[in-house]
Amino acid sequence: MTINVLAIGDVCGQTGVDFLSERLRGYKKLADISFTVINGENAAGLGLSPSDAEALFDAGADVITLGNHTWGVRKISSFLDDNKYILRPSNFAPQVSGRGWGEFETEFGSICVINLIGRAQMPHGSENPFFEADKILKQIESKIVLVDFHAETTSEKLALAYHLDGRVSAIWGTHTHVQTSDACVLSKGTGYITDLGMTGARDSIIGMRAKEPVSRFLGNPPSRFEPADGPGKIEGAIFKIDAQTGKCVDASAIRIV
């Protein structure tokens, strides 16, 4: 038996949250989706608020992952300890709140979701994601293993994918907000895409109002980025996974407008 896993790229602002609330459940039914992972680290602009998290779960998320803006909304810290279905990168420093991976029981068996953050051109000084992934994989029992790798460079994302090929069901990149065209199944049975893209305003610069990024590139003093309004889009990927073996048999990018 195969199941369809839906991974959705970084949700940006209220536009992204609202568009998911309007469209996701209908799309999941249409595409026969069994399990959904949403990266929500920009739902509040920079960070995820508890109310945004509840909205994403109501929209159809089974698990929410985060990234470099995990701490953008300070009150999320205690919420991460209380809600096992929200993950922050596992290779953050060990003393921070929350958890970086979990095994979740479903009607198709246990599904493990792992959240990792890259180190190339990322400012957090996180632990090595390759070693962290190896450590986690020694502890889990799930056949189906999904990895959200929140990273800047394509090379680091590809390198981790090849490092984990055959040991996880699917690995996808988040963070750059630009969907890549390389959805595939690697040679040992791991589904992959370098970046899922983003969920938010179509008329924007990676989900933000164009005025502030353009001004910054013109050399003006920086101003706060604000999520854009207007018509929305959902970007992500579907991974068809054999529930018995945990191998991916098909991977395809999706965009809903």
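Residues numbered from 1 in each chain as written. Predicted model: local features only at pLDDT ≥ 70, side-chain atom pairs only at ≥ 80, totals over all residues. Heavy atoms only, no water.

A separate point is the overall build of the protein chain. Scanning the protein chain for helices and strands turns up 6 helices and 14 strands. Projected onto its principal axes, the C-alpha positions of the protein chain cover 55 × 40 × 35 Å. In the protein chain, which comprises 257 residues, the share counted as buried stands at 57%. Long-range contacts, defined as pairs at least 24 residues apart, comprise 64% of the intrachain contacts of the protein chain with a sequence gap of at least 6. Surface summary for the protein chain: the accessible area is close to 11,100 Å², and the carbon and sulfur share equals 50%. (Helix = DSSP H or I, 4+ residues; strand = E, 2+ residues; numbered from the N terminus. Buried < 20%, exposed > 50% of the residue type's maximum accessible area, 1.4 Å probe, protein only. Contact = heavy atoms within 4.5 Å. Areas by Shrake-Rupley, 256 points an atom, 1.4 Å probe, with all protein chains shown as cover.)

For the rest of this paragraph, the subject is the pattern of salt bridges. For side chains bearing opposite charge, pairing can occur when the charged atoms are close. Here the structure, examined in full by the defined rule, presents 7 salt bridges. One salt bridge connects Arg255 with Glu235, and the closest N-O pair in it is separated by 2.7 Å. On the criterion of sequence distance, the pair formed by Arg255 in strand S14 (residues 248-256) and Glu235 in strand S13 (residues 232-242) is long-range, its members being 20 residues apart. Residue Glu235 is classed as buried on the basis of its relative accessible area of 2%. (Salt bridge = Lys/Arg side-chain N within 4 Å of Asp/Glu carboxyl O.)

With that settled, the discussion passes to the environment of His69. Locating His69 in the fold gives a position in the loop between strand S4 (63-65) and helix H3 (76-82). With a relative accessible area of 24%, His69 lands in the partly exposed category. In this structure, the C-alpha to C-alpha distance between His69 and Leu46, residues 23 residues apart in sequence, is 5.7 Å.

Before going further, it helps to spend a moment on the sheet that holds strand S8 (residues 144-150). Strand order in the open sheet formed by 6 strands is S6-S7-S8-S9-S11-S10, with mixed pairing between adjacent strands. Whereas interior strands pair on both sides, the edge strands pair on one side only; in this sheet they are strand S6 (101-106) and strand S10 (184-185). Summarising the sheet, S10 and strand S11 (residues 191-193) pair through 2 bridges and their orientation is antiparallel. Residue pairing for S11: Cys184 is matched across the bridge by Tyr192. Along the sheet face, helix H4 (residues 129-137) touches S6, strand S7 (109-117) and S8 and points at about 160° away from the line of S7. Against the sheet, helix H5 (residues 154-164) engages S7, S8, strand S9 (170-174) and S11, with an angle of about 170° to S9. (Pairing = 2+ DSSP bridges. Axes fitted to C-alpha atoms, helices over the stretch in contact; angles between N-to-C directions.)

Bridging between S13 and S14 involves 8 bridges; their strand directions are antiparallel. Counterpart to Lys240 in the pairing with S14 is Asp250. Remark: 5 residues form the turn of the hairpin made by S13 and S14, two consecutive strands paired antiparallel; Gly246 in that turn has positive phi of roughly 80°.

Taken together, Val178, Ile205, Ile206, Val214 and Leu218 make up a surface patch of nonpolar side chains, about 440 Å² in accessible area. Residue position: Ile206 is located in the loop between strand S12 (198-201) and helix H6 (211-217). Look at Ile206 and you get partly exposed, because its relative accessible area is 43%. (Patch = residues over 30% accessible without salt bridge, like charges linked within 9 Å, V, L, I, M, F, W, Y side chains within 5 Å.)

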